[in-house]
Every structure is written in C-alpha cells, then in structure tokens.
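Residues per chain, in single letters:
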Amino acid sequence: MTSAKDSGPARLLGFAAVLLLSVLLASGIGLAQETTEDTYTNPVSKDFADTFADPAVIKGKDGFWYAFGTSDPLREGEGEHHTIPISRSKDLVNWKYVGDAFESPAEVSWAAQDASIWAPDIRYLNGKYYMYYVVTQTTVTPDRHDNAVGVATAPTPTGPWKDSGEPVVGPRRGGPGDNFKWTFDPNEFTDPDGTRYLYYGSYYGGIFVTELTPDGTRAVGEPTMVAIDNRYEGAYVVKRDGYYYLFGSSANCCAGPTTGYSVYVGRSESPKGPFIDREGQSMTESRVGGSIVVTPNGNKWIGTGHNAVVTDLSGEDFFVYHAIDRADPYLDEPFGINERPMLFDRLDWIDGWPTVRGGRWASESPQPAPVTDGPVNDSFNRGTSLDGEWRASGGWRLVKEADGEGYARQQDASLKQRFLINGSPLPADVRAEADLRLAGGTAAGVVVRYRDPKNYAAAWLDRTANALVTDVVTRGVSNRRSTPLPAGFAFEQWHNVAVEARGSRMTAEVTDARLHDPYAVAERTLPASLSEGSMGVAARGRADADNASAAALYTPNTQMAAPPEVGAISEAHSDEFDDAALEPEWEWVREPAGEESGGAYRWPTQEGDIVGTGNNASLLLRDAPEGDYTVETKLTIDLGVDTVRNFQQGGMIAYVNDDHWTRLSHVAIWNTRQTEFGKEMPFAGGLSFGGMLIGPPADTTYLRLSHRVDPDNGEHEFRAATRREGGSWIWGGTWTLPAGTEPQIGLLSLGKAPNDPAAMSEFDYFRVYRP
C-alpha cells in the first residue's frame, strides 16, 4: 500500500539525497543551485513563532518577502496577543519577526473595546500596500458578534498602517439581536478589466464576492455567493490559464489533536463563479463540491489550511498555510489556543488542477528550497551599482530613496529606446522579471534572450498603446503584439512584469505584486535565433526599474502520488449481504439494529451517536485482517438535499473503543450533504473530535478505508476514499489509531434527532481487499 506521506521525491535523506541534489545541480533542472539553502524543513515560522496562523505573503518593493498572521501570542507562555504580527524573509524559508501592524485593535477606530483582528490579506494596489482583515466586534451596531471586514493602507509592508475609518463590508445580520453572519477571511482580487473584488465569509453564511470601489476601500453592488454555508471559509482566489480558482478551507480549524482542516478548490470562467470541482460539482450545491488541495496525510501535520500562494523567482508556485503538530496541538493549556505554525510546500498544477506536492501534501522532512536568488537578482539597494555585469546604453543611473532603498532610473526624456542589460550567463529556459513604472516616458519593459540591440524579445508596459506589448526582434525587424490593459491603468505606479521563456514559447504577464491576479497575459513563439541570451530592462523615455531578476525556469511536476494498492478481495473478511442473515464473524456494540434483506443490509438511522460521552448508538463490527487491507462498502442513503437533518449518516468505522475510532460517512450537516472522515480520541483528560471531508456524495456513494501500519512507529493509518456512480475514486486524508491496538472494522447508521424521520442506510456489500 502506498502512503501519501512517504511516497515520491520528498525525503531527501542520506546518500540518495546527496546524489539527487548533485544531479539536479549539474542538469539545471533543480532549484537548489540558486537558493541560499539547498533544503528547508517545516514549519518555516519556527525561528520567530510557535504559532502563526492564517498566513498571507507578499514580495515587497524592497525585495523582501513579508508574511502577515492572525492575532495571537507568538510563543508558548508569552500570553500577549500580537495584533497582526509581521515577519520578513529574503529566501521564503528563514523568517524574522519585524513587528505588528497595530499596537492594539484600538487603532481601528470602529473596533469595539474587546475586539480582535484576524485573518489578514495583503496586497499592493494604487501605489501602496493594502491589508484587509476581520474585526470581530465593532461599534457599527449596539449588538455583540457584529463582525466585519476592514482595510488599512501603508507606504511599506511594515507600516505605518492606517485604517480607512469604517468597514469595507459591514456586519451582516443573520437574525435578531446578536445573530450575525460570519464576515470573515477577506481576500482581494483584481480582474484583468481592472475591477477589484473582495471575497469574504465563513461557515455561517457562506463565502461571497463583492465588487469594490477603485480605491479598494468600499464594497459596491450586490454580493454573489460562491461557496455554500456550513462548508467553507478562508477564500483565496488566483487566475491561471483562463480559469479563476477559488481555494477554500473546510472543517474545524481548531480541534487540537483531531483537527481535520483542509483546503479544497473549484474553478470558474468568471470571478463570480460558479466554481466547479474536478468532478463537475459546484461549491454552492447542497452535495457540495471541492477538489482536495491539501489534507492531513498521516505524518505529524494535521489541520492543514487557510492558504496563500506565492511564486519563487524560477516561476514555481508554493503553498503557504498553517497546520498543527498533532503531538503538540495547543500553544499553552489543553483546549486553549491551537498552535498553528506557518508551513510552506510546493504547489503543483496537474491537468489543470492544483495540489500540494503532487497529492503527497504537507511535508515534515527536508524539501528542495524555493529559488530566491539567481544569476541576476538586483534590488538596486545599498552595495549595488550599475557597474559590473550591468551594461547601459545610456541614461540609466541609480536613485536612492530617503530610507536607502534604491532603483534604476532611465532619465533620458528623448523617448529613444535605452537598454540596461545584465551580462550574467543564463540558461536557455529562464524566468526574468522586474518591477516597472513610467516617470514621464512612454514604455518600460523586461528583455529576455537579448543577443544585441537588433535581436531580443521583450514585454513592454506601453502607455501609448495602453497595453502589454510583446515584441520579438530579429535582425532589427520588430514583430509587436498588444494585449490590452484596463482603461485608466496607472503606468506611473509600480507593477511587476514577468517573462518566462521555455523552448520556443514566451509568456509574459503584468500584475500589481506577483499575486496571481494578472491584468494581462501574452504568449509568443520565439524563433530559433533567440534560443538563449541575456536579460535586462529597457525604456523609452523616463522610467524606473527595480527588483530585476533572472533564474532557471522551474521544471513542473506532472505526476500525482500513487493511490493505495487495493488488491484482490478477501472472501474470509467480506460479506455480500445476500443470504438473509449476518455471518457469524459480525458482532454488535450495543443492541442489534437493521436487517439483511433483498441482497443488502438495511439499517434506519438510529437516534444517538458515538461522539462524546453519550455512546448510545449501535455499531456492527468484525475483526480486521493483519497487515495492509482496504475495506469498501456501497452505501445508498436518502438524506435529501438542502434541508436540515443534523447529523444523520451512514458509513464505515475503524474502532478501538467508544472513545477512540475513525469513521467515514455520508452525513447531513445542516443544509449540506458531505462525506466526512471523522476521528475521536482521548486527550488531556477529555475527548477530542474532528473531521476532514473527502468527495461529494450522491444517492449512492462508494466508501473506502485503506489501512497500513507505519513501519516507523507502528501506528495504524486509515486513508479514506469516496466515489459516486460513474466517477473516479477520490482519495482523501489519513487518520491514525494507536500502535499496539487491534482496530475492528464495521458499519454504522446513526445521528437521527428525536423528531426527525429516519433515513435508511442500505449497504450493498462489505468487502475487504488485500494487496
């Protein structure tokens, strides 16, 4: 059986790791040759914080990366909440705390005295930094829990931050008095037409998107629901290859050692949805869709959620998120603040869908570090000059700001085309980028595969054309194409232009700050005569350039981790329910229920449950085989859609005792229908329960639990999968049960409230497979 946490190239250990890295370095395929460190190990926030939840990351115009986290103490035993702590890094894996956005929530004038500030989203818009956040209590209404979204702006990532003076999205009532929908987890996104959007919301109310005013400080128009209530929060949207991708986190964020928080995704051709998952299911349907991006994989990390996406200098995407070490789930006292450090892992795009490490998910062993340095990497700050590798065709000089930060300026006002080329040798496949702005000139661009002034390719911010103009020049002949920029595009403000050359294909895009919301994307075919060359920047008239870099273009991973090996059916451990009586291997916990008839086991959902101390529902169990196996059932249950039938369910269970088990069910959760993979365990004198979600259910849903024993620690690992009729198996996350136990396997049908009608769980078979 394959384990997601152990498979693939993640474990760079011993001689094999040295050999692998040597090959990568020699071939130019790998990333490590252009980083300050070859590898890193999660959590990346460990040098400054024990917890750093809800991380948001941006590359500042000073060349550093900045991460913003939710308001918590940073260290165990500290006790003092930091109001949006900020950290800084040069390499994305070594971070240093540099202060808080606010001294206290009181700096937000409309925040109530006992408010907290959560879940920041960081952007660069209109020539300054924007930080959106949740205010948990406001002075907007006289009632409690009237949470809202605010925004502050600053000239630098570290501030000084100034709140706008009122909510961007105000409190939204869900009923009378203190009943307010959860206006949480903001995420700003700018569309190619220049429209600014804000995504926000959580379990109570769902996720919505609204348009913003051009200055990004006020919501306008009617909001649109993009994800159903009682399923998602933590929205994060990117645009790639013509699709908008909505990432959403799901399940309880903070259930300590049983936190199954995970990230799912849907995509759409519109920023307003509908967002559809890989199975074709919408994220707004009752049988809710969402394809898994990251979920617990059986290693130390659980609660893997609330993400951002960042791109390194090679063009490779990385997933920034928080997680919980299941051996150390709380910052201080049990059942208090969950300890959620910041993690960082490669984000792969396979067949048009994002997944962390090819479906291997969170890493706990050393990983290849992101590329944050390269043959060209110049922020034009202290200690740099236009001498050395830089060759200027005239008019370029360094300019220093008052704080010592610098940039390169083309000061010739004649509108002649002036190059600033770096002579460092570059690989043929390269990513080059720079921050650009016009200071009176007509165009500024990034140049790649530069051979001489008559042979090169470039991507220009062209004021005259109001476009991203790509130009392929050979033997002095220009071949220009324009991709429109939105009306009113602010050429005088900093924008990032990135160009990737892979073989004969060139792709260029322009963004505010490298956050996957491009104003324009253009593709060109390059001739064989431009198969390699230098990079640089260029201008026609007065213009500025900063943060110029070039690095070997990343090689994408296109292979998904292998699913568990299921094998052949074990007749001795299976039951087809086709002989009108249960086989003698079955046994009951509590009173027998249901009956075998018509080629199935039919079992109405019982009142009661096994969560907590009640333990008043029956379980049908049998002994499991030793070693690796997969247990499967075909479940038909009519839970309807949209109506509230909490928490009726039918499914399978791996059972140690009433207080230690994991179950996979088709379950009604308020208005939604989901496949929940839950776990209960004893902890710190009490009980802890949490769950993760797998694929969307249907009238008939196939369920699997695949078991292996971890050879390192002896734990029983159970990995869940679901399938609908005609669909593919969706392999989800992994829960563990203790070493030294002998979990039984079986069925359940429970969760009916006293006044609700029972649903019939119809189990067509119970099959055990062995590889």
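Residues numbered from 1 in each chain as written. Predicted model: local features only at pLDDT ≥ 70, side-chain atom pairs only at ≥ 80, totals over all residues. Heavy atoms only, no water.

(A) Geometry of the overall build of the protein. On a plain count of helices and strands, the protein comes out with one helix and 52 strands. A globule of 771 residues ought to have a C-alpha radius of gyration of about 28 Å, and the protein, at 28 Å, matches this closely. Overall, the protein is about 90 × 65 × 45 Å in size when its C-alpha atoms are taken along their principal axes. In the protein, which comprises 771 residues, the proportion classed as buried is 61%. Sequence separation of 24 or more characterises 64% of the internal contacts of the protein that already satisfy a separation of 6 or more. As displayed, the protein offers around 26800 Å² of accessible surface, 49% of which is attributable to carbon and sulfur atoms. Charged side chains of the protein number 69 positive and 106 negative; the gap between the two group centres comes to 9 Å. (Helix = DSSP H or I, 4+ residues; strand = E, 2+ residues; numbered from the N terminus. Rg over C-alpha atoms; globule rule 2.2 N^0.38 Å. Buried < 20%, exposed > 50% of the residue type's maximum accessible area, 1.4 Å probe, protein only. Contact = heavy atoms within 4.5 Å. Areas by Shrake-Rupley, 256 points an atom, 1.4 Å probe, with all protein chains shown as cover. Lys, Arg positive; Asp, Glu negative; His and termini not counted. Charge placed at Lys NZ, Arg CZ, Asp CG, Glu CD.)

(B) Structural view of the pairing of strand S16 (residues 262-268). A large share of S16 lies buried, amounting to seven of its seven residues. Here S16 shows no split at all, with Ser262, Tyr264, Gly266 and Ser268 on one side and Val263, Val265 and Arg267 on the other all buried. Bridge count between strand S15 (residues 243-250) and S16: seven bridges; the pairing is antiparallel. Bridged to Ser250 within S16 is Ser262. The sheet contact formed by S16 and strand S17 (residues 291-294) spans three bridges and is antiparallel. In the sheet register, Val263 faces S17, and the bridge partner there is Val294. (Pairing = 2+ DSSP bridges.)

(C) Here's a closer look at the sheet that holds strand S46 (residues 672-683). Judged by pairing direction, the sheet is antiparallel, and its seven strands sit side by side in the order S39-S42-S51-S44-S45-S46-S47 without closing on themselves. Two strands in the sheet have a free side with no partner beyond their single neighbour: strand S39 (587-589) and strand S47 (686-693). On average, each strand axis in the sheet is inclined to that of its neighbour by 25 degrees, with strand direction left out of account. Pairing geometry for strand S42 (residues 619-622) and strand S51 (residues 744-750), over three bridges, is antiparallel. Paired with Leu621 across the two strands is Gly746, which belongs to S51. (Axes fitted to C-alpha atoms, helices over the stretch in contact; angles between N-to-C directions.)

(D) The arrangement of the side chain of Asp348 in detail. Counting through the fold element by element, Asp348 comes out in strand S20 (residues 342-350). Judged by relative accessible area, which is 2%, Asp348 ranks as buried. A distance of 2.8 Å separates the side chain of Asp348 from the side chain of Asn557, its partner in a polar contact. Among residues more than four places away in sequence, those in contact with Asp348 are Trp353, Pro354, Thr355, Arg357, Gly358 and Asn557. (Polar contact = N/O pair within 3.5 Å; in protein donor to acceptor, adjacent residues only side chain to side chain.)

(E) Up close: the nonpolar core. By size, the foremost hydrophobic cluster in this structure holds 123 residues, and its most contacted members are Trp161, Phe247 and Phe319. The element that contributes the greatest number of residues to this core is strand S19 (residues 317-325), accounting for six residues. Grouped together as the second largest cluster of nonpolar side chains are 42 residues, Leu436, Phe491, Val499 and Ala520 included. (Core = buried A, V, L, I, M, F, W, Y, C linked by side-chain atoms within 4.5 Å.)

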